[in-house]
Amino acid sequence: MPVLLLTEAEVRRVLTMDLALEAVREGLRQLALEEAQNVPRARCQTDHAMLHVLSASAKVLGFLGYKAYCTTRRGSHFHLTLFDGKTGNMAALMEADYLGQVRTGAASGVATEHMARPVGALALRRAHPDRVLRPVPPSNPLTRLAGKGESCPSRQCWLPSP
């Protein structure tokens, strides 16, 4: 079976925040159902570099793999390797710097969805007297909600006072 090889530029072209949010939601759901495993980061080092390895598997997807990155004083290099869950054959190898950044953002977005409680306008006004609730054009990037590309409800957002 051929191995899919993706460069950082190719990952950037295909990975969207919407895809990452859905993948993180599903991954957490699979972890809760014990249909996936996520192994804590392991590290080893020399005098000049440290290797970090994070492995995981997902039965429903039929894959297992690891993200490995090496850090030195000069920087970091991130890679992700996926294996077929039945044959054990390598299925993909990709550069994973951007992938990790987007995954971190998506994890924050999913956590916010589950942890944030609804707050009324009056409570926000009391908590943030330096901000005002006012209409904002939907094309304004400040009207975007946590990576979803949706406009704020009623086209109103909390913005700093002018």
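Residues numbered from 1 in each chain as written. Predicted model: local features only at pLDDT ≥ 70, side-chain atom pairs only at ≥ 80, totals over all residues. Heavy atoms only, no water.

## Considerations on the overall build of the protein
Helix and strand content of the protein: four helices and eight strands. Shown N-terminal to C-terminal, the secondary structure of the protein runs as helices and strands in the order β-α-α-β-β-β-β-β-α-α-β-β. Relative to its 162 residues, the protein shows a buried fraction of 20%. Counted over contacts in the protein with a minimum sequence separation of 6, partners at least 24 positions apart contribute 37%. Accessible area for the protein stands at about 11,500 Å²; split by element, carbon and sulfur atoms hold 59% of it. (Helix = DSSP H or I, 4+ residues; strand = E, 2+ residues; numbered from the N terminus. Buried < 20%, exposed > 50% of the residue type's maximum accessible area, 1.4 Å probe, protein only. Contact = heavy atoms within 4.5 Å. Areas by Shrake-Rupley, 256 points an atom, 1.4 Å probe, with all protein chains shown as cover.)

## Comments concerning the packing of aromatic side chains
In this structure the tally under the stated criterion is two aromatic pairs. Measuring from ring centre to ring centre gives 4.7 Å for Tyr-69 and Phe-78, while their planes differ by 25°; the resulting arrangement is stacked. An identical accessibility class is assigned to Tyr-69 and Phe-78; each is buried. (Phe/Tyr/Trp six-rings, centres within 6.5 Å; stacked < 30°, edge-to-face > 60°.)

## Focus: unusual backbone geometry
One non-glycine residue, Glu-34, lies in the positive phi region at around 60°. Among the structural elements, Glu-34 can be located in the loop between helix H2 (17-32) and strand E2 (36-45). Using a relative accessible area of 65% as the deciding quantity, one classes Glu-34 as exposed.

Note that every value here comes from positions in space, so none of it alone points to a role or purpose.
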